[in-house]
Amino acid sequence: MSKFPKNFLWGGATSSAQLEGGFDKGGRGKSQLDYVSYIPAEERIGVPGTLEVSEERFNYGVEHEGEVNFPYRRGIDFYNHYKEDIKLFAEMGFKTFRMSIAWTRLFPTGLEERPNPEGLQFYHNVYDELHKYGIEPLVTMIHYEVPIELTKRYNGWESPEVIDLFVKFTNVLIDEYKDKVKYWITFNEINMSLNSPYTGAGMFVTKSNKNPLSAIHQALHHQFIASAITVKYMHETAKQCLIGSMIARLECYPYTCKPADVAATLLEEQINFYFYDVMARGHYPKKILKYFKDYDISIDFVEGYEEILAENKVDFLAFSYYMTYVVSADEDKKENPGNLVKLLKNPYIERSEWGWAIDPEGLRTTLNKIYDRYRLPIFIVENGLGAKDTLVDGHVHDDYRIDYIKKHVEKIGEAIEDGVEVLGYTTWGCIDLVSASFGDTTKRYGFIYVDQDDEGKGTLERYKKDSFYWYKNVIETNGEELE
Ligand code: BG6
């Protein structure tokens with residue numbers, strides 16, 4: 001007997017910027033990610049993988065249009081390959097496919113009054129194609145994208161003006177697609193602006209009049225409000241749909257059992273959970289307000305924000321899970337082997353080629369912790385192994401990926417037995433796509449290999465890896481057969 005419920009949503013996850021391409025097709029405008037250039041391997045020494053972009057790097061990209069390698073503009077050209085790709089997902093038996101919408105495909109600068117019909121049609125076509133195979137779309141309204149015009153004009157989410165512009169966009173999404181899309185997430189990894197404000201909020205902290213932490217929490221406040229207003233509209237007009245909040249879940253362990261390390265770990269967790277607290281419980285926890293005070297973080301709260309948040313809570317909780325980390329109260333211990341967050345090495349667990357701690361047990365812990373705390377259904381919307389794959393005679397033998405996913409699926413099964421309500425599991429980058437940390441395609445996550453290198457060269461042909469057949473069987477047996 002399978003541990004997984006009958007209607008468990010197995011599938012894969014992507015984002016428009018990393019997948020779609022077609023940046024100059026169908027009237028699409030440019031986003032801030034369209035100006036993130038590829039960092040060649042030899043220039044990365046000492047640079048932690050991060051999508052954080054300085055004003056200098058951004059200006060360099062603007063001034064060298066045409067010469068610079070901008071990977072998010074091309075993705076893996078899903079724009080022209082979506083039928084073929086969805087057919088492959090269907091062959092694996094996907095029940096769901098997570099994708100996001102390019103805001104700029106609908107509102108090229110973010111400022112237009114009406115959406116671009118060609119952009120609307122593209123997503124209709126994709127959803128129709130998914131439904132043809134009985135695949136339920138899971139849609140992230142925004143995955144790290146901000147129209148570049150809003151970055152330039154408003155410093156992105158730092159300004160309250162962006163709230164209405166975003167709500168105009170999400171109202172259109174709901175009106176247009178509510179009968180084709182049941183599961184929605186407002187923001188991808190909403191907490192990631194803490195580490196990467198350019199990526200998460202389309203802003204430069206250097207342009208703000210506030211101190212950096214205040215500027216970021218100000219932007220986050222605007223995102224919380226925009227999300228809550230979107231939830232309200234969804235609940236009022238599309239009762240058949242479910243809308244969730246998503247964070248990058250950072251399960252953390254104390255470096256030692258010294259009480260000071262345990263207290264520091266608790267604070268890290270409270271900061272990680274505060275995003276769920278605001279969106280699922282409907283208020284800023286007192287501890288976080290105290291933390292703001294202690295760290296001189298000042299926010300100009302939007303009028304009526306307490307009611308807006310309290311009255312519009314999400315229906316489910318989603319998270320990405322790649323690694324766990326270790327916290328010490330001792331500042332001198334800080335290392336940085338992960339991509340977006342500060343981590344200490346855990347000597348008890350192995351790491352990926354990119355230094356990411358591989359910790360399946362931590363997934364079970366995290367699922368239990370979240371469910372104990374919020375009692376809401378949970379969707380694991382990202383998890384997977386980034387690795388260098390080799391294509392030989394049309395084959396990729398990625399047993400390392402199978403092993404990684406298998407161990408995580410086992411732990412999800414155990415968490416379900418523990419009583420956690422899990423809606424589904426979508427592995428990250430189910431088809432190889434552009435990586436977020438360095439904009440490369442050398443780091444691959446997919447069950448499907450895409451012939452494209454870091455420079456964008458290749459045939460774009462798709463190949464099934466060994467993991468493709470393995471995952472197909474996992475879905476077919478509803479998680480019973482993992483060998
Ligand atoms: C998550 C993001 O943080 O991690 C994805 O939501 C990203 O966009 C994924 O691609 C994996 O990170 P990377 O850097 O390996 O692509």
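Residues numbered from 1 in each chain as written. Predicted model: local features only at pLDDT ≥ 70, side-chain atom pairs only at ≥ 80, totals over all residues. Heavy atoms only, no water.

**A short note on the confidence of the model for the protein chain**
Phase 1: In this model, the protein chain carries an average pLDDT of 94, and 95% of its residues clear a pLDDT of 70 or more.
Phase 2: Of the regions scoring below 50 in pLDDT, residues 45–49 engages in 9 contacts with residues more than four places distant in sequence or in other chains.
Phase 3: With pLDDT under 50 throughout, residues 336–341 is counted as low confidence; its partners more than four residues away or in other chains account for 29 contacts. (pLDDT = per-residue confidence, 0-100. Contact = heavy atoms within 4.5 Å.)

**Here we look at the layout of surface pockets**
A water-sized probe, rolled over the atoms, reveals where empty space remains.
Phase 1: If you add up the space inside the second largest pocket, you get close to 170 Å³.
Phase 2: Here the lining of the second largest pocket is built from residues that sort into 8 nonpolar, 1 polar and 2 charged. (1 Å grid on protein atoms, 1.4 Å probe; cavity = no way out; pocket = protein on both sides within 12 Å on 5 of 7 lines; lining within 4 Å. Points joined across faces, edges and corners; volume = space filled by probe spheres on them. Nonpolar A, V, L, I, M, F, W, Y, C, P; charged D, E, K, R; others polar.)

**A few points about the site of the ligand**
Phase 1: Close to the ligand lie 15 residues; Glu189, Ala436, Ser437, Lys443 and Tyr445 are nearest.
Phase 2: Taking Gln18, its side chain carries an N or O atom lying 2.8 Å from an oxygen atom of the ligand.
Phase 3: In this structure, Tyr445 approaches the ligand through a side-chain N or O atom, which is 2.5 Å from an oxygen atom.
Phase 4: Notes on the ligand: free accessible area 380 Å², of which the protein chains cover 98%.
Phase 5: A breakdown of the residues in the shell around the ligand according to their chemical character gives 6 nonpolar, 6 polar and 3 charged. (Near = heavy atom within 4 Å. Polar contact = N/O pair within 3.5 Å; in protein donor to acceptor, adjacent residues only side chain to side chain. Areas by Shrake-Rupley, 256 points an atom, 1.4 Å probe, with all protein chains shown as cover.)

**Focus: the pairing of strand S4 (residues 183–187)**
Phase 1: The element S4 is largely enclosed, with a buried count of 5 among its 5 residues.
Phase 2: Inspection of the sheet shows strand S3 (residues 136–142) paired to S4 by 4 bridges, in the parallel sense. Across the sheet, Thr140 pairs through a bridge with Ile185, a residue of S4.
Phase 3: As defined by bridge partners, S4 adjoins strand S5 (residues 242–248) across 3 bridges and the pair is classed as parallel. Bridge pairing in S5 places Ile185 opposite Gly244. (Buried < 20%, exposed > 50% of the residue type's maximum accessible area, 1.4 Å probe, protein only. Helix = DSSP H or I, 4+ residues; strand = E, 2+ residues; numbered from the N terminus. Pairing = 2+ DSSP bridges.)

**Some points on the UniProt feature "active site" (unreviewed entry) in the protein chain**
Phase 1: Mapped onto the present numbering, the UniProt feature "active site" (unreviewed entry) falls on Glu382.
Phase 2: Note on placement: Glu382 falls in strand S9 (residues 378–382).
Phase 3: For Glu382, the residues in contact, after removing those within four places along its chain, are Ala13, Arg98, His143, Asn188, Glu189, Met246, Phe319, Ser320, Tyr321, Tyr322, Thr426 and Trp428. (UniProt positions renumbered as here; feature names shortened; annotations may be inferred.)

**A closer look at the pattern of salt bridges**
Phase 1: Across all of its chains, the model carries 35 salt bridges by this definition.
Phase 2: Among the charged side chains, a salt-bridge network with shared partners connects Asp389, Asp398, Arg401, Asp432, Arg444 and Lys465. (Salt bridge = Lys/Arg side-chain N within 4 Å of Asp/Glu carboxyl O.)

**Re the side chain of Thr427**
Phase 1: The topology assignment puts Thr427 in strand S10 (residues 422–428).
Phase 2: For Thr427, a relative accessible area of 2% puts it in the buried group.
Phase 3: Not counting residues up to four positions away in its chain, the partners in contact with Thr427 are Gly11, Gly12, Ala13, Asn383, Ile405, Phe447 and Tyr471.

**Section: the packing of aromatic side chains**
Phase 1: Tallied over the entire structure, the rule returns 50 aromatic pairs.
Phase 2: Between Phe78 and Tyr82, the ring centres sit 6.3 Å apart and the planes meet at 55°, which makes this aromatic pair tilted. Residue Phe78 and its partner Tyr82 are both found in helix H4 (residues 78–92); the two are separated by 4 residues, about one turn of the helix. The pair formed by Phe78 and Tyr82 is uniform in burial state, with each residue classed as buried.
Phase 3: Stacked on the ring of Tyr35, the Lys or Arg Arg73 has its end atom at 5.2 Å from the ring centre.
Phase 4: A cation sits over an aromatic face here: Lys443 above Trp356, 3.8 Å from the ring centre. (Phe/Tyr/Trp six-rings, centres within 6.5 Å; stacked < 30°, edge-to-face > 60°. Lys NZ or Arg CZ within 6 Å of the ring centre and 35° of its normal.)

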